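# Chain and residue survey
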Amino acid sequence: IEKALLAGEIDFRKPISCHLFPIREVYFGGKCIHYEQIYECAEARVKGKANNNLLYKSLKEALVRAYGEEWYNEYVNTIESTE
């Protein structure tokens, strides 16, 4: 779906739950986000770590789409202030 969208073959985006993957929305007294670590992504985790390609940066477009630019910037500030 994403390749067809980018190629101009379709005019709709994939569902936000797919766009966010491997981030999932979960509910613990309110909506939270959770990283779902699955075996099939093991090579991507190794490559991402080697290239310093952090998940929240890779998923910026999806996170902004889901929660907005202001939320994303606050999220990044929170993460980076704890490093």
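The paragraphs below set out a description of the structure included in this document. Along each chain, the written sequence defines residue order, and numbers are assigned to residues from 1. Only residues with pLDDT of 70 or above have their local features reported here, since the model is predicted, and side-chain atom pairs are shown and tallied only from 80 upward, although totals for entire chains, interfaces and linings are computed over all residues. Here the side-chain values reflect all heavy atoms present in the structure, with hydrogen atoms and water set aside.

## Brief notes about the packing of aromatic side chains
Heads up, the condition is: Here a Phe, Tyr or Trp ring, Trp counted by its six-membered ring, pairs with any other such ring whose centre lies within 6.5 Å, and the pair is stacked when the planes are under 30 degrees apart, edge-to-face when over 60, and tilted otherwise. Each helix corresponds to a stretch of at least 4 residues labelled H or I by DSSP, and each strand to a stretch of at least 2 residues labelled E; elements are numbered beginning at the N terminus. The classification of residues rests on relative accessible area computed with a 1.4 Å probe and restricted to protein chains. Under 20% of the type maximum is buried, over 50% is exposed, and intermediate values are partly exposed.
Applying the stated criterion to the full structure yields 3 aromatic pairs. An angle of 90° between the planes, with centres 6.5 Å apart, marks the rings of Tyr56 and Tyr75 as edge-to-face. Separated by 19 residues along the polypeptide, Tyr56 in helix α4 (residues 55–58) and Tyr75 in helix α6 (residues 69–81) bring together distant segments of the chain. For Tyr56, a relative accessible area of 10% puts it in the buried group.

## Things to note about the side chain of His19
The following threshold applies: Under this definition, polar contacts are N or O atom pairs within 3.5 Å; protein pairs additionally need one hydrogen-donor-capable and one acceptor-capable atom, and for neighbouring residues in sequence, both atoms have to be side-chain atoms. Contacts were defined at the residue level, with two residues in contact if any of their heavy atoms lie within 4.5 Å.
Mapped onto the elements, His19 comes out in helix α2 (residues 16–20). Among the polar contacts listed, one links the side chain of His19 to the side chain of Arg65, at a separation of 3.0 Å. With residues near it in sequence (within four places) discarded, His19 still touches Arg13, Lys14, Leu59, Glu61, Ala62 and Arg65.

## Regarding the pattern of salt bridges
Where we set the bar: By definition, a salt bridge exists where a carboxyl oxygen of Asp or Glu is found within 4 Å of a side-chain nitrogen of Lys or Arg.
All told, the structure shown has 5 salt bridges when counted by the stated rule. Across the pair Glu61 and Arg13 runs a salt bridge whose closest N-O atoms are separated by 3.0 Å. Taken together, the residues span a long stretch of sequence, with Glu61 in helix α5 (residues 60–67) and Arg13 in the loop between α1 (2–6) and α2 at a distance of 48 residues. For Glu61, a relative accessible area of 49% translates into the label partly exposed.

## Section: unusual backbone geometry
For residues besides glycine, phi is generally negative; the peptide bonds are generally trans as well. A cis amide bond links Phe21 to the next residue, Pro22, at an omega of 15°. Inspection of the secondary structure assignment puts Pro22 in the loop between α2 and β1 (23–27). If you check the backbone angles, Asn52 has positive phi at about 55° while not being a glycine. Along the polypeptide, Asn52 turns up in the loop between α3 (42–50) and α4. The exposure class of Asn52 is exposed, given its relative accessible area of 57%.

Function cannot be read off these values alone, since they describe shape.
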